[in-house]
Amino acid sequence: MKRSIFLLVLFFALPSSSAFAQVDLAGMWTPVGYRTDSPDMGNFTGFPFNRAGHLRAEAWAADIFDVAENVCRPYPLEDPFGPSQLRIWTDVDKSTQQITAYHMHYFYHEEERTVWVDGRPDLPDYALHTFPGFSTGEWKGNDLIVTTTHLKDNFEWPNGPYRSDRTTVRSHIERYGNYLTVIAIIYDPGNLAEPMVRPATWVYNPDLVMPPYPCEEATETIVPRGKVPNYLPGKNPLLSYFAAKYGIPQEAALGGAETMYPEYIAKMKKMKLLPRPPAKPSAGEEAQ
């Protein structure tokens, strides 16, 4: 009888199975695919903008990154923006030997984020917003579900799309053998009419040597302090570039919730196409 009572007490004293890490995420990871450093102007495909999101994206000017304080502006790692080399390590509670946090170090700008898996609650609304935000995680089988809040306003792609500081991101992280996959669902009532899904994949690489990536604010720039490069509504001359280049309707290229569904294809067939820009001459033709 005493043995049964002891086992029962032990059962309730132990944390639930969802608190235990199901797979090992620690190690060095190399990105699979590429990072879109310079997407075409006017390419907002895949962004379910609301009206505010559209207006902000269309007002963007490329020389915003020449503003000194934007030179080292962190990338939106939580969604994740174009994977970079990644190192993951853990904090372990000495008394329980359970993982309490995952730390992630990214190559670009030496950014880091922490995912707390010790059951702590979210921060209050008035807490400080930062570029990495505040992340908590919970295991569901082999799926680590990470919720990130308290994010600063930041760009989603370096060609116009932005997310607001009201954004919440839920990332599903799974390891399949030597592959690490992240599917992030971005909820932004400020700029998106519907949630947006972003994927990224890494491959395990224990021999990876991650170099430093120090970044310092530029002191020599063509944009003076206090100026914010932008275009007024309807004045951006570059929005048609992507649509004309690939022969698709400009309205479709500018994104929006409606463009995310298959039914939109029928509507696209009735839209006018922009004339394609003239092809650039080859090196031989230029020499002539």
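Residues numbered from 1 in each chain as written. Predicted model: local features only at pLDDT ≥ 70, side-chain atom pairs only at ≥ 80, totals over all residues. Heavy atoms only, no water.

1. Some remarks on the nonpolar core
Okay, so step 1: Of all hydrophobic cores here, the largest spans 31 residues; its most connected members are L25, L86, I88, Y102, L144, I173 and L180.
Okay, so step 2: Those elements giving two or more residues to this core turn out to be β1 (27-32), β2 (86-92), β3 (99-106), β6 (143-149), β10 (179-187) and β11 (196-204).
Okay, so step 3: Here this core gets 3 residues from one element, more than from any other, and that element is β3.
Okay, so step 4: Setting aside chain neighbours within four positions, we find I173 in contact with L25, M104, N142, D143, L144, V146, L180, T181 and V182.
Okay, so step 5: By size, the runner-up hydrophobic cluster in this structure holds 13 residues, among which are F44, A57, L151 and M196. (Core = buried A, V, L, I, M, F, W, Y, C linked by side-chain atoms within 4.5 Å. Buried < 20%, exposed > 50% of the residue type's maximum accessible area, 1.4 Å probe, protein only. Helix = DSSP H or I, 4+ residues; strand = E, 2+ residues; numbered from the N terminus. Contact = heavy atoms within 4.5 Å.)

2. Overview of a nonpolar patch on the surface
Okay, so step 1: Where nonpolar side chains cluster on the molecular surface, the patch consists of V32, Y176 and Y179 and spans about 310 Å² of accessible area.
Okay, so step 2: If you trace the backbone, V32 turns up in strand β1. (Patch = residues over 30% accessible without salt bridge, like charges linked within 9 Å, V, L, I, M, F, W, Y side chains within 5 Å. Areas by Shrake-Rupley, 256 points an atom, 1.4 Å probe, with all protein chains shown as cover. Salt bridge = Lys/Arg side-chain N within 4 Å of Asp/Glu carboxyl O.)

3. Observations regarding the pairing of β11
Okay, so step 1: Note: β1 against β11, 4 bridges, orientation antiparallel. Residue pairing for β11: T30 is matched across the bridge by V203.
Okay, so step 2: Strand direction decides the pairing type here: β10 and β11, joined by 8 bridges, are antiparallel. Bridged to I185 within β11 is V197. (Pairing = 2+ DSSP bridges.)

4. Thoughts on the confidence of the model for the protein chain
Okay, so step 1: On average, residues of the protein chain score 86 in pLDDT, and 85% of them are at 70 or above.
Okay, so step 2: Taken together, the stretch residues 5-18 has pLDDT below 50 and engages in 4 contacts with residues farther than four places along the chain or on a different chain. (pLDDT = per-residue confidence, 0-100.)

5. Re the side chain of R163
Okay, so step 1: For R163, the location among the structural elements is in strand β8 (residues 162-163).
Okay, so step 2: Residue class for R163 comes out buried when judged on its relative accessible area of 1%.
Okay, so step 3: Only 2.9 Å separates the side chain of R163 from the backbone oxygen of K152, close enough to count as a polar contact. (Polar contact = N/O pair within 3.5 Å; in protein donor to acceptor, adjacent residues only side chain to side chain.)

6. Comments concerning helix α2 (residues 51-58)
Okay, so step 1: For α2, the full list of buried residues reads G53, H54, A57 and E58. Taken down its axis, α2 places every buried residue within 120° of arc, on the same side.
Okay, so step 2: Its side-chain oxygen at 3.2 Å from the backbone nitrogen of A52, N50 defines the N-terminal cap of α2. (Arc of directions from axis to C-beta.)

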